[in-house]
Every structure is written in structure tokens, then in C-alpha cells.
Amino acid sequence: MSQLKALVFDVDGTLADTERDGHRVAFNAAFAEAGLDWHWSVELYGELLSVTGGKERIRYYLDRYNSAFQRPEDFDAFVAELHKSKTHHYTQLLSEGRIPLRSGVLRLLTEARAAGLRLAIATTTTPANVSALLRYSAGDDAEDWFEVIAAGDIVPAKKPAPDIFVYALEALGLPPSSVIAFEDSAHGLRSALDAGIEAVVVTVNDYTRQQDFSDAALVVDQLGEPGTPVEVIKGPDTVEIVDVNALRKLHARVHG
Ligand code: XBP
Ligand code: MG
């Protein structure tokens, strides 16, 4: 039986609830700064999250919801510039400490490190966003806790494609059977599964709670804190908190 060696974390929606009050607000600030009358409401943004990647999401919005917009000559440069401005607004927002880590995340990261488990990140978001989130929500050294930070355009295809998890596994030098992946969305779950990772823990959020997680090993509302038991949506209802002990049992259950 393979041994659990590493935990691989998605970022947006998993480490922190970043989409509604973070990325969405930053997109709208970038649109306003560019003099565009675009506004992504909480509801519309939930629809747009069906496309991963901020630049891809802007294109999807124009294709699907604003086809009348007169696209500039160099459309690629326009999208890249707009997304760069959005990333500036987003990292600024993070620097004001407005997006905390989700319940149980810091606890689990600390426990995992103490238990000698290796840590990695596999995310669609821009690398600068990962650095800013870790720095401002967990401290200046938090980025160093992760051996591998696989993020954004480093791979050709974004989630639900498996590329980013494959990249992280190769960088760790580990087979899929020796890791547990943590995700928040159906796209992320599919990406991890198609990279061969069978043990996936999903922590749902308001945007993803209704999605299909039938192939996840464990689906909970949060990783939990002592005294704040998790709500088990799918998986062993004996799980009260997602800690290293629970993860080792989950890994053994999945890998026999
Ligand atoms: C979520 C995404 C990202 C963010 C926006 O990534 O799809 O595109 O919504 O970040 P994950 P960017 O759940 O894989 O962490 O604008 O930098 O893409
Ligand atoms: Mg996510």
C-alpha cells in the first residue's frame, strides 16, 4: 500500500474564500479604472466561474454576455492589460487583510508540517495572487512551507484539465497514490482525478455547494477547528475534523 507523503492544495475557494469578495471585486475595480461600464454581480460571477482563469473568464464574458462590445485591434493585449490591472487590485485587496484563510486551513498546514508531510499548491490563479494570499493571511514565511507552487499559465491547459496537478506531482517527484488533493469545485476535482489522484477532499463554498462531487473521497463544509465539527456532505460521518489522523485514515481507505 502506498504511503501518504504530501498534501496538494488548490487556492481559490480552498485555502481562502477569494472569489466573491476578492477576485470579483478586483475585476470590477479594473473595469472601472479602464472606463468600462462592465459590472460582474455576485450572481453573474457565479456563472462566469464556469470558466477558470481570469483572462479566459474575461473573454467568456464578452463572448457570452457582452458580444456588442467593440473589441480593440490588439484584443489579446487589451485582455492581458485589463487582467494585469485586476491582479494589481486583487493583491492590493489582499494586502489590506480582507481575505482570511478558511477555517482549519492554518491548523492543518501547521499539523501537516509537524507530521513531516510535504506541501504543494496546484492552482489556476496567477502566481502573484498566491504569494500575496499566503503572505498577508499566514505570514512572510508561509510561501516557504510549500515545496511546489504550481500556478496559472505555467501549464498550457487550466482546470478541469489535469495539467496543473500533473505538473505539481512531477515537481514533487511523487506518484498520485501518495498524495491527497484539496479542492473546492467540480472543475478542480476533475483536474485532480484526471491527474490520477484518487484521494480528493472537497471543502464546498457558496458558489460550489450544489456541484457534483460524487467522485470525491470526502466532501465537507470546512476543514474544521477543535470545537467546530465539520458537516460531512459525503464520506465517513465519523470525521469530526480534517486533521492528519483523519487524512491518514482516508488515504488508507482509498488506497487499501
Ligand atoms: C480559481 C480560478 C482563478 C481565479 C482568478 O483558481 O479559476 O482564475 O478565479 O484568478 P483555483 P486569476 O480554484 O484553481 O485556485 O484572475 O489570476 O486567474
Ligand atoms: Mg478553487
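That block above? That's the structure.
Our subject in this report is the structure included herewith. What you see is a predicted model, and the numbers here were worked out from it, not measured in a lab. (Residues numbered from 1 in each chain as written. Chains lettered and ligands numbered in written order. Predicted model: local features only at pLDDT ≥ 70, side-chain atom pairs only at ≥ 80, totals over all residues. Heavy atoms only, no water.)

### What about the pattern of salt bridges?
Side-chain pairs of opposite charge can arise whenever the charged atoms involved come near each other.
At step 1: Across all of its chains, the model carries 15 salt bridges by this definition.
At step 2: As a salt-bridge pair, Asp 63 and Arg 71 come within 2.6 Å of each other at their nearest N and O atoms.
At step 3: The exposure class assigned to Asp 63 is exposed, which follows from its relative accessible area of 52%.
At step 4: What makes Arg 71 partly exposed here is its relative accessible area of 38%.
At step 5: Between Glu 96 and Arg 98 there is a salt bridge, with its nearest N and O atoms 2.8 Å apart.
At step 6: The exposure class of Glu 96 is partly exposed, given its relative accessible area of 45%. (Salt bridge = Lys/Arg side-chain N within 4 Å of Asp/Glu carboxyl O. Buried < 20%, exposed > 50% of the residue type's maximum accessible area, 1.4 Å probe, protein only.)

### Here's the deal with the coordination of the magnesium ion (ligand 2)
At step 1: Donor atoms from the polypeptide that bind the magnesium ion (ligand 2) are Asp 10 (OD), Asp 12 (O) and Asp 184 (OD), placed at 2.1 to 2.3 Å.
At step 2: In terms of primary sequence, the donors binding the magnesium ion (ligand 2) are separated according to D-x1-D-x171-D. (Donors = N, O, S within 2.8 Å, 3.2 Å for Na, K, Ca; no water.)

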